[in-house]
Amino acid sequence: MSTAAAAHVEHGHEEHHDLGFIRSYIFSEDHKVIAKQYLISGIIWAVIGGLMSLVFRLQLGFPDMDMSWLKPFLGQWINESGKLDANFYLALVTMHGTIMVFFVLTAGLSGTFSNFLIPLQIGARDMASGFMNMLSYWFFFISSVIMFWSIFIETGPAGGGWVIYPPLSALAEANPGSGTGMTLWLVSMALFIVSSLLGGINYVTTVINLRTKGMTFDKMPLTIWAFTFTAILGILSFPVLLSAALLLIFDRSFGTSFFLSDIYINGHALPNQGGSPILFQHLFWFLGHPEVYIVILPALGLTSEIIATNSRKPIFGYKAMIFSMAGIMFLAFIVWAHHMFMTGMNPFLGSVFMLLTLIIAVPSAVKAFNYITTLWRGNIIFTPAMLFAIGLVSFFVSGGLTGIILGNSALDIQLHDTYFVVAHFHLVMGSAAFFGMIGGVYHWFPKMFGKMMNKTLGYVHFWFTFIGVYLVFFPMHYIGIAGFPRRYYQWSGFETFNTYADLNAFISVAAILTFSAQLIFIFNFIYSIFWGKKATANPWKSTTLEWTTPVNPGHGNWPGEIPTVYRWPYDYSKPGAKEDFIPQDVPYSATPESNLPEENEMISEEKEIENIEYNHNIPD
Amino acid sequence: MTAENTLREEPKPVLSINKWKFITWLFIITIVMLFASQTSAYLVRRAEGNWTEFEMPQIFYWSTLVLFLSSVMVFLSVRAARSDEFKKLRAFISGAFVLGTAFLIMQYIGWQQLQETGIYLKGNPSGSFLYILTGLHAFHLISGLVVLVFALAASFKMNIHSKKMIQLEVCSTYWHFLDILWIYLFVFLLYFR
Ligand code: HEM
Ligand SMILES: [Cu+2]
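Residues numbered from 1 in each chain as written. Chains lettered and ligands numbered in written order. Predicted model: local features only at pLDDT ≥ 70, side-chain atom pairs only at ≥ 80, totals over all residues. Heavy atoms only, no water.

Looking only at helices and strands, chain B has six helices and zero strands in total. When its helices and strands are written in sequence order, chain B yields α-α-α-α-α-α. Across its three principal directions, the C-alpha atoms of chain B cover 60 × 35 × 25 Å. In chain B, which comprises 193 residues, the share counted as buried stands at 50%. If you take every contact in chain B between residues at least 6 apart in sequence, the share linking residues at least 24 apart comes to 83%. (Helix = DSSP H or I, 4+ residues; strand = E, 2+ residues; numbered from the N terminus. Buried < 20%, exposed > 50% of the residue type's maximum accessible area, 1.4 Å probe, protein only. Contact = heavy atoms within 4.5 Å.)

Structural data, given as structure tokens:
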């Protein structure tokens, strides 16, 4: 609070009074505080989701293990003979997926970095509406509480997979988790959607309306482009998930038959007639596919920034990056049925969706190529953030390749719902986005907390995690090709799969080690907040605006006037320049030694940019 | 606006569109997506056959007219505010509110008429969709009524006048949108029953 107060004094607002603890740290409207709230919530959820995965990995890797020692934590879900309850296994998988996709990699990632970086990088004092921003976090918080609560209810949390396909999710009789657990899941997700929409609307409005002088679209950092595209994806696709959830709620609680038809339970026919479970899948995947890009795009945006800064080179193909993100965003809406090749879809329709799906590989490859060419012959500085960014590129490539295999409807007949799919999306989405998030934390930690994170621990964390992730997910491709289906409690009943017992055990051990390595990060994170080395204002010698703020930016971000922007964000190692980076707020007239001819011409426009007067008649 | 907000220098707008208007439009886009997904689900489901046709309740024709008139009221209230005619302004907003409420009541009567003809929420999805679509619209209309009440309150506090139009303009955009949305749904349901 003291810094915020100081900022105000410099503004000349003598009438300022302290906001008090609650208004400044809990119900805060400051985008930086909200970002940290999202980050901490995301980390807590990541730990919970990670621990869940360890429990089911134990089950898969060591099916004969006596799990009685888990009884203190799992209670009735471990039966007398020390076995994990089969239904609870399904619930764990479901919760793990939901938590990781939505709570960690959507809220934790977008919520943290869009909130933190958008105002700082475009030169705004705060978000368009601080109040909506606060609401967005608190909706997320309530949604989190409900989801967390559902883990502890008697019948267990939802167990129909994170995709909650009916009829399994629609009928309470189908699975213990389909009762109260599923109801809570739906309520929690409805609130989550509200939170995401409030957030997304705010991000887009801020980027469009509140850029500082000179920050034209062609001078925006790629992070901002990525966050904007992500927000647009969310605005367009989350309402569709809400639609699906709404119809499902009516099927569950009001006896309608949108998704139900011709169902027999224990020989008795249900009254529901005329519904179509495939309809749900269409609605779900119309969100579900864009959702995977909602998860990866922000991570790619952070990576662009980290890689350019630490290669000390301009990003290769700035415009190509923007257009490929726009292309991905557009295509994301017309490929959803590649998740449904096996639903008895018309084969002709299948090939249309196959074609569209494979086209996504083009913009994705452009991005991967541009990262690699940016690294090529750069003066690479291997900070922990940089390592994680490079790790992201590696996962994005290796996971993307299996996407192309899955995108072929004929190959998907064999691979659908096997561990091959699990391997695909954990590399390309799970691990890549996770690495983007972690890299972002290492990179922007100095701006968030005014301290540096410990580098050595960062390196150890990186190598354990990077190798660990490949050890966990690479073998899954083989198991998947062999036909091992996902979401199976136990494989030891099938003779053919016994050959993979060792491999499964290996994966589980690797998973435990990889998870443990995250404790290093958590330790480093907490330790550095309190006892880390004090940071400087611009520790990575970066060009974007957030590094022109004080070490601990206060309320309003810049103590004086907001800087004006004159150049693009990637002036690294410019020939002739005194230093190897030129911040965005340095005018061309101050750098005659490094200007290109066309940039010299732009000097005459600088006065114009400085004299932009915003129309203050537009009231807020 | 809370006290702290006015203390700090406000972020400066770049475009000439007010941020609240922009937010309203984005919000409208999310509602459009919601109804677009509902109506496409409707069409996909209808194409699969086993679809009971329903008769549109007579009263929906009248409720459409009522909602349209309330939109006209809102339009007139904006004109009144522009020329600082406060009595008219309040009268028109109140009128829009009354007509909006009347619309809701008529929708409810429409539901009862539907039930008399044997179309229930439970049963063939065609009927269920009819209830969901009209219900979802009614839900949004209630939110529109709340926005109208706020505008009415502001007009009494003299917070709406020719130099301060944002709130009323946002309100009218939303209300016209709800009107158009209903007309879309109505024509859609008539055409594809
Ligand atoms: C080259 C680009 C890509 C192609 C062609 C592709 C294709 C596919 C296909 C066909 C499936 C369905 C497999 C099945 O269920 O049988 C799939 C699943 C999946 N993909 Fe991709 N993908 C690509 C990139 C990505 C990216 C970038 C992400 C996320 C950031 C992603 C996330 C997922 C997820 C989460 C699933 C599984 C969903 C589930 O069933 O639980 N994919 N992908
Ligand atoms: Cu997909």
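Still to come is the rest of the account.
A few words now on the site of ligand 1. Residue and element names in this part refer to chain A. Within the structure, ligand 1 sits among 22 residues, and W162, D412, H416, H424 and R486 are positioned closest to it. Note that a nitrogen atom of ligand 1 is positioned 2.9 Å from one of the side-chain N or O atoms of H424. Note that an oxygen atom of ligand 1 is positioned 2.9 Å from one of the side-chain N or O atoms of R486. For the shell around ligand 1, the secondary structure elements donating two or more residues are α9 (277-311), α12 (384-406) and α14 (419-449). Of the residues that constitute the shell around ligand 1, the class distribution is 12 nonpolar, eight polar and two charged. (Near = heavy atom within 4 Å. Polar contact = N/O pair within 3.5 Å; in protein donor to acceptor, adjacent residues only side chain to side chain. Nonpolar A, V, L, I, M, F, W, Y, C, P; charged D, E, K, R; others polar.)

Now for the coordination of the iron atom of ligand 1. Residues and elements named next belong to chain A. In this structure, the iron atom of ligand 1 receives exactly one donor atom from the protein: H424 (NE2), at 2.1 Å. Here the iron atom of ligand 1 and the copper ion (ligand 2) are spaced 4.6 Å apart. Mapped onto the fold, H424 is located in helix α14. (Donors = N, O, S within 2.8 Å, 3.2 Å for Na, K, Ca; no water.)

Attention now moves to unusual backbone geometry. Residue and element names in this part refer to chain A. Residue P166 is joined to P167 through a cis peptide bond whose omega torsion reads 5°. Summarising the element assignment, P167 is placed in the loop between α6 (130-151) and α7 (180-209). Despite not being glycine, S573 shows a phi value in the positive range, around 45°. Structurally, the position occupied by S573 is in the loop between β4 (533-534) and α17 (597-610).

A few words now on the confidence of the model for chain B. Residue and element names in this part refer to chain B. Taken as a whole, chain B shows an average pLDDT of 88; of its residues, 92% reach a score of 70 or greater. Confidence drops under pLDDT 50 across residues 1-14; counting only partners more than four residues distant or on other chains, this segment forms 33 contacts. Listed scores for the predicted complex are pTM 0.92 and ipTM 0.88. (pLDDT = per-residue confidence, 0-100.)

Bringing the coordination of the copper ion (ligand 2) into the picture now. All names here are of chain A. Taken together, H289 (ND1), H338 (NE2) and H339 (NE2) make up the full set of protein donors to the copper ion (ligand 2), lying 1.9 to 2.1 Å away. Mapped onto the sequence, the residues coordinating the copper ion (ligand 2) show the spacing H-x48-H-H. For H338, a relative accessible area of 14% puts it in the buried group. A residue is classified by how much of its surface remains accessible, and H339, at 23% relative accessible area, is partly exposed.

All names here are of chain A. Residues E598, E601, E605 and E608 make up a contiguous surface patch of negative charge. Summarising the element assignment, E608 is placed in helix α17. Look at E608 and you get exposed, because its relative accessible area is 59%. (Patch = residues over 30% accessible without salt bridge, like charges linked within 9 Å, V, L, I, M, F, W, Y side chains within 5 Å. Areas by Shrake-Rupley, 256 points an atom, 1.4 Å probe, with all protein chains shown as cover. Salt bridge = Lys/Arg side-chain N within 4 Å of Asp/Glu carboxyl O. Lys, Arg positive; Asp, Glu negative; His and termini not counted. Charge placed at Lys NZ, Arg CZ, Asp CG, Glu CD.)

Topologically, T212 of chain A is positioned in the loop between α7 and α8 (222-253). At 2.9 Å, the side chain of T212 of chain A forms a polar contact with the backbone oxygen of P563 of chain A.

So, on to a nonpolar patch on the surface. Residues and elements named next belong to chain B. Judged by side-chain polarity, Y61, W62, L65, F68, L69, V72, I183 and V187 come together as a nonpolar surface patch covering roughly 730 Å² of accessible area. Contributions of two or more residues to the nonpolar patch are made by α3 (59-82) and α6 (166-191). The dominant element in the nonpolar patch, judged by the number of residues it contributes, is α3, at six residues. In this structure, W62 sits in helix α3. Look at W62 and you get exposed, because its relative accessible area is 54%.

This brings us to the nonpolar core. All names here are of chain A. Counting 246 residues, the largest nonpolar core has L84, F102, F113 and F525 as its most contacted members. Broken down by element, this core gets its largest block of residues, 21 residues, from helix α5 (residues 86-122). Not counting the four nearest positions on each side in its chain, F525 is found in contact with L39, I40, I43, V441, F445, F449 and M453. (Core = buried A, V, L, I, M, F, W, Y, C linked by side-chain atoms within 4.5 Å.)

Here the focus is the environment of G200 of chain A. Residue and element names in this part refer to chain A. With respect to the element layout, G200 can be found in helix α7. On the basis of relative accessibility, which here comes to 4%, the residue G200 falls in the buried class. Linking G200 and F229, residues 29 residues apart in sequence, is a C-alpha distance of 9.8 Å. Not counting chain neighbours up to four residues away, the residues in contact with G200 comprise A231 and I235.

This part is about the pattern of salt bridges. Where side chains of opposite charge bring their charged atoms close, a pairing between them can arise. Residues and elements named next belong to chain A. Scanning all chains against the criterion turns up 12 salt bridges over all chains. Taking the shortest distance from any N to any O, the salt bridge between E561 and K213 comes out at 4.0 Å. Here E561, found in the loop between β4 and α17, pairs with K213, found in the loop between α7 and α8; they are 348 residues apart in sequence, far enough to count as distant. On the basis of relative accessible area, E561 is assigned to the exposed category, the value being 58%. Linking E610 and K607 is a salt bridge whose minimum nitrogen-to-oxygen distance equals 3.4 Å. With E610 and K607 both in helix α17 and three residues apart, the pair spans about one turn of that helix.

A word on the packing of helix α11 (residues 347-375) of chain A against α12 of chain A. Residues and elements named next belong to chain A. Close contact between α11 and α12 brings their axes to 10 Å; oriented N to C, the two are set at 150°. Of the possible angle classes, the one that applies to α11 and α12 is roughly antiparallel. In this structure, α11 crosses over α12, and the sense of that crossing is left-handed. Contact residues: L358, A361, S364, A368, Y371, I372 and L375 in α11; M386, I390, V393, F396, V397 and I404 in α12. Grouping the constituent residues of the contact of α11 with α12 by class yields 12 nonpolar, one polar and no charged. (Axes fitted to C-alpha atoms, helices over the stretch in contact; angles between N-to-C directions. Parallel < 35°, antiparallel > 145°, perpendicular 65-115°, else oblique. Left-handed = near helix turned anticlockwise from the far one by under 90°.)

Residue and element names in this part refer to chain A. Applying the stated criterion across every chain yields a total of 73 aromatic pairs over all chains. When the centroid spacing of 6.2 Å and the interplanar angle of 75° are considered together, the rings of W45 and F148 count as edge-to-face. Of the two residues, W45 sits in helix α3 (residues 31-61) while F148 sits in helix α6, which places them 103 residues apart along the sequence. For F148, a relative accessible area of 36% translates into the label partly exposed. Above the face of the F449 ring, K36 is positioned so that its terminal group lies 5.2 Å from the ring centre. Geometry around F217 places R211 over its ring, the cationic atom sitting 4.0 Å from the centre. (Phe/Tyr/Trp six-rings, centres within 6.5 Å; stacked < 30°, edge-to-face > 60°. Lys NZ or Arg CZ within 6 Å of the ring centre and 35° of its normal.)

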